[in-house]
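# Structural overview
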Amino acid sequence: MLRKKKIVFVINYFYPDLAATSQLMTELTGRLQDDFDITVIAAQPGYAGENHDSKKLFEEGYLDSIKVVRIKLPEVNKNSKASRIKYISSYFLLANIALLKEKGTDVIFTISQPPVLGGLIGTIGKLLKRSRHIYSVHDFNPEQAQAVAYTNNQTIFKIAKAVDKLNCSYADQVLLVGEDMAETLRGRFVDKKVPSHTVISNWTDEHAIVPLEKDEPAIREFLETHGLDNKFIVMYSGNLGLYYDLENLIGVSKQFTDQPDLVFLFIGEGAVKQRIQEYAAQNNLENVKFLPYQPKEFLKYSLNAADVHLVVNQKGIKGVSVPSKIYGVMAAGKPVLGVLEQGSEVQRLIFESGAGVVIEPQNYQGVVHAINYLRSLDPAELKKMGLKGRAYLEKNLTRDTSINKYRDVLQAIAGTPQLETSYQAQTEHYKEAVNKK
């Protein structure tokens, strides 16, 4: 019997973590476990305050047939740079150790978390283990940190960018989650050989998240429990992090205090949550509510509780990151208010699908006008707008479409025991397979 090729995923977040990348990578590895021998190296869960009581530095277990190596890391305070650095440094060191301990690795799969260092783990692993490396970039750094002025140290930026360019160049395949990110990669290598790369969209489980009416019992109970019954709900569901300009967007709610039946609902956790909660309290914004992350199995209800969903990015994030929350919103068939740069991946999806409206980042008065416009629509028209997103997703952005592309990449890069071909031949095989889709 032929040995399955062994893929080691070094991905930081993994089930039962609530991070978006955790949910994506858990579904991906679960769907690929029959094709490959899979090991996952990830931190102990804790993205949204999940508790774990392991005392071991490395702890092995299994999820179905997937071997999972958990790394014990210090708790992180996302509002503290020192705490973040301690966490990231510990992860980088221990993930490298865990990877080097794995035997018979054919392909190392890393993602761009932590920034730059996620890719560097794969670069080091490829060099020392003589394996192949697939580098999946969900966020380009240091460009992302630069967009929000996380630090003004230009030396750090130059070093970080040089390291990540090395990661991309040395990888056997770079994966990107948006066409605008492919433009950024090409821009990094002007007049130089651009690394081999493929765009594969993120996804949601379109069978688990479907359009539902507000009178569905679980949704009605959710609305009643949180005092949201008979409200027009503008929802933001996801990471309340540094890259979404939420600290300024929250100010928009002040212009709707005379409309008691309109509510801004923020669901999630993140580095700026405490600050925007304090802003809402200091300004007596009774039209703003906060809830923690909802369990994955409840998302089909919480997402459908909204009338309009906010999908936002900070100015300067175009081509750097793609907010994956758009796929869940489209699956639920809800209208989108995008606060996004023209030409960005999600702006393109909203434009092509007709599922909502888009305002440029930092145009806060434009956001106010957009909310008033969406609210002024006849309910049937608003519903029709949202369902256009669902139709577009079913045609172009299904989970199977993306996962099959991942499978093709992994098979091409790993090769097969029956076919000892050169890497160039494997790459050609991969390109042919993708072009057929």
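Residues numbered from 1 in each chain as written. Predicted model: local features only at pLDDT ≥ 70, side-chain atom pairs only at ≥ 80, totals over all residues. Heavy atoms only, no water.

Secondary structure assignment for the protein yields 16 helices and 14 strands. Its C-alpha atoms give the protein a radius of gyration of 22 Å, near enough to 22 Å, the size a compact globule of 437 residues would have. C-alpha atoms of the protein, sized along the principal axes, occupy 65 × 45 × 45 Å. Taken across its 437 residues, the protein has 55% of its residues classed as buried. For the protein, the share of sequence-separated contacts (at least 6 apart) that also reach a separation of at least 24 residues comes to 75%. Carbon together with sulfur atoms contributes 51% to the accessible area of the protein, which is approximately 19400 Å² in total. Taken together, the 53 basic and 50 acidic charged side chains of the protein have centroids lying 6 Å from each other. (Helix = DSSP H or I, 4+ residues; strand = E, 2+ residues; numbered from the N terminus. Rg over C-alpha atoms; globule rule 2.2 N^0.38 Å. Buried < 20%, exposed > 50% of the residue type's maximum accessible area, 1.4 Å probe, protein only. Contact = heavy atoms within 4.5 Å. Areas by Shrake-Rupley, 256 points an atom, 1.4 Å probe, with all protein chains shown as cover. Lys, Arg positive; Asp, Glu negative; His and termini not counted. Charge placed at Lys NZ, Arg CZ, Asp CG, Glu CD.)

This paragraph deals with the sheet that holds strand β13 (residues 336-339). One open sheet accounts for 6 strands, arranged β11-β10-β9-β12-β13-β14; its pairing is parallel. With partners counted over all chains shown, the strands left at the sheet margins are β11 (288-291) and β14 (356-359), one partner each. In this sheet, adjacent strand axes meet at a mean angle of 25 degrees when their direction is disregarded. Note that strand β10 (residues 262-267) and β11 share 4 bridges and pair parallel. Note on β11: the bridge partner recorded for Phe 266 is Phe 290. Sitting on the sheet, helix α9 (residues 273-282) touches β10 and β11, and the angle it makes with β11 is about 150 degrees. (Pairing = 2+ DSSP bridges. Axes fitted to C-alpha atoms, helices over the stretch in contact; angles between N-to-C directions.)

Any aromatic ring pair is given by two values, namely how distant the centres are and how the planes are angled relative to each other. Scanning the entire structure with this criterion turns up 9 aromatic pairs. Judged by centre distance (4.6 Å) and plane angle (35 degrees), the rings of Phe 9 and Phe 109 are tilted. Of the two residues, Phe 9 is situated in strand β1 (residues 6-12) and Phe 109 in strand β5 (residues 107-111); the sequence distance between them amounts to 100 residues. Feature note: the residues Phe 9, Phe 109, Trp 203 and Tyr 406 constitute an aromatic cluster, connected by ring pairs. A cation over an aromatic ring shows up here: Lys 101 above the ring of Phe 58, its NZ or CZ 4.6 Å from the ring centre. Geometry around Phe 189 places Lys 165 over its ring, the cationic atom sitting 5.4 Å from the centre. (Phe/Tyr/Trp six-rings, centres within 6.5 Å; stacked < 30°, edge-to-face > 60°. Lys NZ or Arg CZ within 6 Å of the ring centre and 35° of its normal.)

What follows is about the sheet that holds strand β8 (residues 197-199). Read across the sheet, 8 strands follow the order β3-β4-β2-β1-β5-β6-β7-β8 without closing on themselves; strand pairing throughout is mixed. Either end of the sheet is taken by a strand with one partner, and the two such strands are β3 (58-63) and β8. In this sheet, neighbouring strand axes are inclined to one another by 20 degrees on average, regardless of whether the strands run parallel or antiparallel. Here strand β6 (residues 132-137) runs beside strand β7 (residues 173-176); their pairing, made up of 4 bridges, is parallel. Residue Ser 136 lies in a different strand from β7, and its bridge partner there is Leu 175.

When the UniProt feature table is mapped to this numbering, "domain: Glycosyl transferase family" (unreviewed entry) covers residues 226-385. In residues 226-385, helix accounts for 34% and strand for 18%; the two terminal C-alpha atoms are 26 Å from one another. (UniProt positions renumbered as here; feature names shortened; annotations may be inferred.)

With that out of the way, let us pick up the pairing of β5. Of all the 5 residues making up β5, 5 are buried; the element is thus mostly covered by neighbouring parts of the structure. Where burial is concerned, the two faces of β5 agree: the one with Val 107, Phe 109 and Ile 111 and the one with Ile 108 and Thr 110 are both buried. The pairing of β1 with β5 spans 4 bridges and is classified as parallel. Residue Val 10 lies in a different strand from β5, and its bridge partner there is Thr 110. Here β5 pairs with β6 via 5 bridges, running parallel. Note that in β6 the partner of Ile 111 across the bridge is Ser 136. In this view, the connection linking β5 to its parallel neighbour β6 by way of helix α3 (residues 117-129) has right-handed handedness. (Right-handed = clockwise from strand over helix to strand, strands pointing away.)

With respect to the element layout, Phe 232 can be found in strand β9 (residues 232-237). The buried category is assigned to Phe 232, whose relative accessible area is 12%. Sequence separation between Phe 232 and Arg 375 is 143 residues; the distance between their C-alpha atoms is 7.8 Å. Apart from the residues within four sequence positions on either side, Phe 232 is in contact with Asp 261, Leu 262, Val 263, Asp 307, Val 308, Leu 374, Arg 375 and Leu 382.

Per-residue pLDDT for the protein has a mean of 91; in total, 92% of the residues score no lower than 70. Low pLDDT (under 50) marks residues 417-431, which in the prediction has 21 contacts with non-local residues, meaning those over four places away or in another chain. pLDDT under 50 marks residues 433-437. Its contacts with residues more than four places away, or in other chains, come to 4 contacts. (pLDDT = per-residue confidence, 0-100.)

The set of residues buried in α9 consists of Lys 273, Ile 276 and Ala 280. Considered in projection along α9, the buried side chains sweep an arc of 75 degrees and stay on one side of the axis. What points out from α9, more than 90 degrees from its buried face, is the exposed set Ala 281 and Gln 282. (Arc of directions from axis to C-beta.)

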